[in-house]
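Understanding the architecture of this molecule
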Amino acid sequence: MIREATYRVEDFGIGTPYPAQARFIRSDVPNCYFLGGRGSGKTTAGVIKTLLYCLKPENAGGDFGLFAPTYRSLIRVAEPQLQKCLDSFSAKSGFSLLKKHYRSDHAYKLINGTTIFCTSFERCDRIRSMSLN
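Report on the accompanying structure.

**With respect to the side chain of serine 40**
- Structurally, serine 40 is set in the loop between α1 (19-26) and α2 (42-54).
- For serine 40, a relative accessible area of 19% translates into the label buried.
- At 2.7 Å, the side chain of serine 40 and the backbone oxygen of glycine 37 are in polar contact.
- Setting aside residues up to four positions removed in sequence, serine 40 forms contacts with Tyr18, Gln21 and Phe34.

**Comments concerning the nonpolar core**
- Of all hydrophobic cores here, the largest spans 26 residues; its most connected members are Phe12, Leu51, Leu82, Leu86, Leu110 and Ile116.
- Broken down by secondary-structure element, the contributors of at least two residues to this core are α1, α2, β1 (63-68), α3 (71-93), β3 (107-110) and β4 (115-120).
- Per-element accounting of this core gives the leading share, six residues, to α3.

What counts, and where the lines are drawn
- Residues numbered from 1 in each chain as written.
- Predicted model: local features only at pLDDT ≥ 70, side-chain atom pairs only at ≥ 80, totals over all residues.
- Heavy atoms only, no water.
- Helix = DSSP H or I, 4+ residues; strand = E, 2+ residues; numbered from the N terminus.
- Buried < 20%, exposed > 50% of the residue type's maximum accessible area, 1.4 Å probe, protein only.
- Polar contact = N/O pair within 3.5 Å; in protein donor to acceptor, adjacent residues only side chain to side chain.
- Contact = heavy atoms within 4.5 Å.
- Core = buried A, V, L, I, M, F, W, Y, C linked by side-chain atoms within 4.5 Å.

In structure tokens form, the structure reads like this:
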């Protein structure tokens, strides 16, 4: 029997999410986007939504993508936010969700076997021919 762990958004270090962030993160619809202005928490909400989705038992062992508009945005904003969320969870819970970080591949392997591949739309060839969930 697979037991589903319960993760709270606050466990990832953001405090209480804004109402728009909470709606986006908790949405179960297949196609969902968060439209917001500069500094509205789009990256943070996207990273947390990605982590929560990857940690679902039915997604264990799968490959997923975390995308940014530009490579600069990926390495300066999205990946540092992902690392910050993982570090915050580890500090709060006492264990790490991150099993291995492959820096050169911009890949994060989680404890449930899921791998998150990070790339930008500028460099989408990095994941060409991969089967991402």
